[in-house]
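Chain by chain, the residues:
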Amino acid sequence: MSKHPVRILIAKPGLDGHDRGAKVIARMLRDAGMEVIYTGLRQTPEMIAEAALQEDVDLVGLSILSGAHTSLVPRIREKMNECGLEAIPLLLGGIIPQDDYESMQAYGVASIFGPGTRADAIVSEIETIVSKSKQ
Amino acid sequence: MVAQLTRSLLEGDRPALARALTRIENHDERAREIIASIFPATGNARIIGITGAPGTGKSTLVNEWVKVIRAEGEPVAILAIDPSSPITGGAIMGDRVRMQEHAGDAGVYIRSMASRGKLGGLANATRDAIRVLDAAGFPYILLETVGTGQSEVDVAQLAHTTIVVEAPGLGDEVQAIKAGLLEIADIVVLNKADRPGAAQTLRSLQQMLALGSSRMEADGITHHTGDHGVNMTAEKKPGDAAVWIPPIIQTVAREGDGVEELWQLVKSHIEYLQVANHMVDWNRRQLAQELKERLENQWLERFRWHMNGQAFQQQVDRLAEGSIDPFTAVDELLNHTLAEVLESSTALTGTHKGGGAR
Ligand SMILES: Nc1nc2c(ncn2[C@@H]2O[C@H](COP(=O)(O)OP(=O)(O)OP(=O)(O)O)[C@@H](O)[C@H]2O)c(=O)[nH]1
Ligand SMILES: [Mg+2]
């Protein structure tokens, strides 16, 4: 039937205390007509998984600048799976080495956006992912 | 599928609850079936509205309050409503930021909802979302809305108890909002009482509230129509059990100060509603209002659907030719559309009967 706005959770896991990037992304997605649930800084894997469950989001965007993605992403995926959210794709924003892309995909990371990725590219990528995962 | 979903929902299953709320938000066809099957299980929750200008500390207050309610062992649900952008339809919902520490507590459920700016749709979607949370077994539902305009005021009125949160130093431009919001308050919270200017804000709030209640008294005395609600106002005396005078309480939400006291005040307001049998009146008023809104919306929707048809274009043609005047054009169109609407609703009831056998 009618098209509904994409619902996306934006979270900043890990201990570093800057969420400016995450907020910029949140605003950008709002301006593209999406409903962004913003959870803020220092999110534990449990907080992220629970918020994703309660908010029934289409996807979860993680902003990770600290290089801690190799430890954070598997733990977040695990908690999400425990909540029955195996099908919910993850998005990664931040500086992720090319070598890690493949291993990240294994945890259901559908896309990785490095610094300087253009807004329209992010938006259209998200729309593609959501329409695929809803099939 | 809906039967399975509602069964799980009634058992308090969280994924089912989350999905049901999405269906409500999306005005999914199944939303209607969900509400129909849970309706008998609703009406038990106490709904507490928290509204106020942006940034007054509503979410911080709710977070601290949830701790107090949880300490008593009661489950609690939070529904936080934020405005959608009228231009893009998008929204940023950030109320959770202040409430994330409740992760891992199965007795707390938090949901953010964008207003999606539909005509009359927000109040109805909110009503249904509240019903879903109610049916899932939450005895308390805290409804956070940003008080900026009319639709938020409507939503705030869905609560048994409406709390208006103020803060010092908001400036003149919010004075008008304040005055409008104060009218719907059952309890006024002056949050950020640690901030400079709190004493002054307290005084001005007290003045505004005093003005409001004396206006109400004057109203009650002038209209003696015998109407129940008005009579209640006429008999209004401080200390009278049948009268609730909105109290003001100061809080420092960030420290949790005053939150216990606020909870006690809310409890006594709930008691007041129950003791004086106001709850029964309140429920009837709410249901009447809902029925009216849904009826209006349905009429509008159906008329709109028929409005772009051939008959409409014909009338435009005739108006353009000058062979008909606008009033007659409207009358004819109304009769025509009404007939069409009636015809299609019989068809609709027919399908529902056929397909609903489950
Ligand atoms: N000084 C002081 N600051 C407070 C208090 N309560 C909340 N704040 C701060 O006020 C800011 C806004 O708090 P929120 O709880 O997000 O306010 P809100 O009313 O929910 O905001 P919106 O949902 O955006 O309208 C935050 O920076 C809080 O830390 C308080 O009692 N004292
Ligand atoms: Mg808030």
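The preceding data block contains the structure.
Rules used throughout
Residues numbered from 1 in each chain as written. Chains lettered and ligands numbered in written order. Predicted model: local features only at pLDDT ≥ 70, side-chain atom pairs only at ≥ 80, totals over all residues. Heavy atoms only, no water. Helix = DSSP H or I, 4+ residues; strand = E, 2+ residues; numbered from the N terminus. Buried < 20%, exposed > 50% of the residue type's maximum accessible area, 1.4 Å probe, protein only. Contact = heavy atoms within 4.5 Å. Areas by Shrake-Rupley, 256 points an atom, 1.4 Å probe, with all protein chains shown as cover. Lys, Arg positive; Asp, Glu negative; His and termini not counted. Charge placed at Lys NZ, Arg CZ, Asp CG, Glu CD. Donors = N, O, S within 2.8 Å, 3.2 Å for Na, K, Ca; no water. Near = heavy atom within 4 Å. Polar contact = N/O pair within 3.5 Å; in protein donor to acceptor, adjacent residues only side chain to side chain. Nonpolar A, V, L, I, M, F, W, Y, C, P; charged D, E, K, R; others polar.

Novice: Requested: an account of the overall build of chain A, with residues and values cited.
Specialist: Secondary structure assignment for chain A yields 5 helices and 5 strands. Shown N-terminal to C-terminal, the secondary structure of chain A runs as helices and strands in the order β-α-β-α-β-α-β-α-β-α. Along the three orthogonal principal directions, the C-alpha set of chain A runs to about 40 × 35 × 25 Å. Looking at the 135 residues of chain A, the share that counts as buried comes to 50%. Long-range contacts, defined here as pairs at least 24 residues apart, represent 68% of the contacts in chain A between residues at least 6 apart. For chain A, the accessible area works out to roughly 6400 Å², and carbon and sulfur atoms hold 52% of it. Of the charged side chains in chain A, 14 are positive and 18 negative; the average position of the first set lies 6 Å away from that of the second.

Novice: Describe the coordination of the magnesium ion (ligand 2), naming the residues involved and giving the relevant values.
Specialist: All names here are of chain B. Bound to the magnesium ion (ligand 2) are the protein donor atoms S59 (OG), D95 (OD) and E144 (OE), situated 2.1 to 2.2 Å from the metal. The motif formed by the donor residues of the magnesium ion (ligand 2), counted along the single chain, is S-x35-D-x48-E. Of this pair, S59 sits in helix α4 (residues 58-71) while D95 sits in the loop between β3 (91-93) and β4 (108-114), placing them 36 residues apart in sequence. Classification of D95 by relative accessible area gives buried; the value is 9%.

Novice: Go over the site of ligand 1, please, and point to the residues and values.
Specialist: Residues and elements named next belong to chain B. Surrounding ligand 1, one finds 18 residues, the nearest of these being K58, S59, T60, R98 and D194. Within the backbone of G55, one N or O atom sits 3.0 Å away from an oxygen atom of ligand 1. Contact distances for ligand 1 include 3.0 Å between an oxygen atom and a side-chain N or O atom of K192. When the free accessible area of ligand 1 is taken as 650 Å², the share hidden by the protein chains comes to 80%. Going through the elements one at a time, α4 and β5 (140-146) are the ones with two or more residues in the shell around ligand 1. The element that contributes the greatest number of residues to the shell around ligand 1 is α4, accounting for 3 residues. Residue composition of the shell around ligand 1, by class: 4 nonpolar, 6 polar and 8 charged.

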